[in-house]
Amino acid sequence: MSGHSKWSTIKRKKGAMDAKRGALFAKLSRAITVAAREGGGDPDANPALALAVQKAKDANMPNDNIQRAIDRGTGAGSEASDYEHITYEGYAPGGVAVMVEVLTDNRNRAASDIRYIFSKHGGKLGTSGSVAYLFERKGVILVPAEAVGEEELMEAALEAGAEDVELDGDHWRVTTEPTEFMAVRRGLEEAGIRYENAQLSMEPMNTVKLDASTAKQTLRLIDALEENDDVQEVYANFDISEEVMAEVAG
């Protein structure tokens, strides 16, 4: 994706999340509960739980809710044992590769729902491995360009273990290996550097440029997937120019 389409998609996603806070909190709670069930209730000793908790805090989820989710995960007979992680792969209109991370207690329902959403919006569900090779797992932190100078950010990020820092539109884009993500994030916080988005992501290694018509179809598909209760994350390798994004938004 281009810098503009990346950030526009993130802003659209954040807006949709804010509008459906209850559904978002339910998804975040589920992720916390499962992480605690699988690796224990101490975030310092459970990286997956630490990430799930941090994501919940980023969404302004109350601490009491977070703790209840952890408690459900560490309690005997927890509902967390019923959930499983599944990744679906497919194609959006225009040949855009899509990866969908799901956390579900009903594999058959999830598969049926995801297949239906792809089909309804002009896409196609693929087989395991059909698009995964087009992505790589990375930590991504976006810092407003006006918030910090390049030298200051570069020093703090690289010292904390970042892989790269580059200007991406009106934001600095800090990338990390997954294992270094939390350390780099903490390093920026300790340096007093404000960021607007930080997450582990499946980053595309190549992109597909979209015109306005195909972009509209693709974004509808992405939105529909994100609205599904079982879906945790959606990744795609589309590239939407600033001009096309403005046309789509209009």
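The structure presented is a predicted model; accordingly, all values stated were derived computationally and were not measured. (Residues numbered from 1 in each chain as written. Predicted model: local features only at pLDDT ≥ 70, side-chain atom pairs only at ≥ 80, totals over all residues. Heavy atoms only, no water.)

S.K.: Would you mind going over helix 2 (residues 21-39) with me for this structure?
M.R.: Every α-helix winds through 3.6 residues per turn, so residues three or four apart in the chain are directed the same way. Given a rise of 1.5 Å per residue, 19 residues ought to cover 27 Å, and the 27 Å separating the end C-alpha atoms of helix 2 matches this to within 8%. Those residues of helix 2 that fall on the buried side of the exposure criterion are Leu24, Phe25, Lys27, Leu28, Ser29, Arg30, Ile32, Thr33, Val34, Ala35 and Ala36. Of the residues flanking the end of helix 2, it is glycine 40, one or two places downstream, whose phi is positive at about 95 degrees. (Helix = DSSP H or I, 4+ residues; strand = E, 2+ residues; numbered from the N terminus. Expected span 1.5 Å × (residues − 1). Buried < 20%, exposed > 50% of the residue type's maximum accessible area, 1.4 Å probe, protein only.)

S.K.: What exactly am I supposed to notice about the sheet that holds strand 1 (residues 84-92) here?
M.R.: Pairing between sheet strands relies on hydrogen bonds along the backbone, with the strands arranged either parallel or antiparallel. The strand order 3-1-2-9 describes an open sheet built from 4 strands, whose pairing is antiparallel. Each edge of the sheet is formed by a strand with only one pairing partner; in this case those strands are strand 3 (124-125) and strand 9 (231-236). Examined bridge by bridge, strand 1 and strand 2 (residues 96-104) share 9 bridges and lie antiparallel to one another. Bridging from a neighbouring strand, threonine 87 pairs with glutamate 101 of strand 2. Its contacts with the sheet place helix 2 against strand 1, strand 2 and strand 9, and it is angled at close to 70 degrees to strand 2. (Pairing = 2+ DSSP bridges. Contact = heavy atoms within 4.5 Å. Axes fitted to C-alpha atoms, helices over the stretch in contact; angles between N-to-C directions.)

S.K.: It is not clear to me how the sheet that holds strand 7 (residues 197-204) should be interpreted in this structure. Could you clarify?
M.R.: Strand order across the open sheet formed by 4 strands is 5-6-4-7, with antiparallel pairing between neighbours. Edge strands, defined here as strands with exactly one partner in the open sheet, are strand 5 (164-168) and strand 7. Going across the sheet, the axis of each strand differs from the next one's by a mean of 35 degrees, ignoring polarity. Relative to strand 6 (residues 171-176), strand 4 (residues 135-144) runs antiparallel, the two being bridged by 6 bridges. Counterpart to leucine 142 in the pairing with strand 6 is arginine 173.

S.K.: Explanation requested: the side chain of aspartate 239 in the structure shown.
M.R.: Topologically, aspartate 239 is positioned in strand 10 (residues 238-239). Judged by relative accessible area, which is 10%, aspartate 239 ranks as buried. Separated by 3.3 Å, the side chains of aspartate 239 and lysine 209 make a polar contact. (Polar contact = N/O pair within 3.5 Å; in protein donor to acceptor, adjacent residues only side chain to side chain.)

S.K.: What should I look at first to understand a negative patch on the surface in this one?
M.R.: Together, Glu150, Glu151, Glu152, Glu155 and Glu159 give the surface a local cluster of negative charge. Mapped onto the elements, glutamate 159 comes out in helix 6 (residues 150-160). Given the relative accessible area of 66%, glutamate 159 is considered exposed. (Patch = residues over 30% accessible without salt bridge, like charges linked within 9 Å, V, L, I, M, F, W, Y side chains within 5 Å. Areas by Shrake-Rupley, 256 points an atom, 1.4 Å probe, with all protein chains shown as cover. Salt bridge = Lys/Arg side-chain N within 4 Å of Asp/Glu carboxyl O. Lys, Arg positive; Asp, Glu negative; His and termini not counted. Charge placed at Lys NZ, Arg CZ, Asp CG, Glu CD.)

S.K.: Looking at this model, I keep getting lost on helix 3 (residues 47-58). Mind explaining?
M.R.: Counted at 1.5 Å a residue, the expected span for helix 3 with its 12 residues is 16 Å, and the 16 Å between its end C-alpha atoms agrees. When helix 3 is considered as a whole, its buried residues turn out to be Leu49, Ala50, Ala52, Val53 and Ala56. Summarising the axial view, the buried residues of helix 3 lie within an arc of 165 degrees, below the 170-degree limit, and thus occupy one face. Those residues of helix 3 that are buried lie in contact with helix 2, helix 4 (63-74) and helix 7 (181-190). (Arc of directions from axis to C-beta.)

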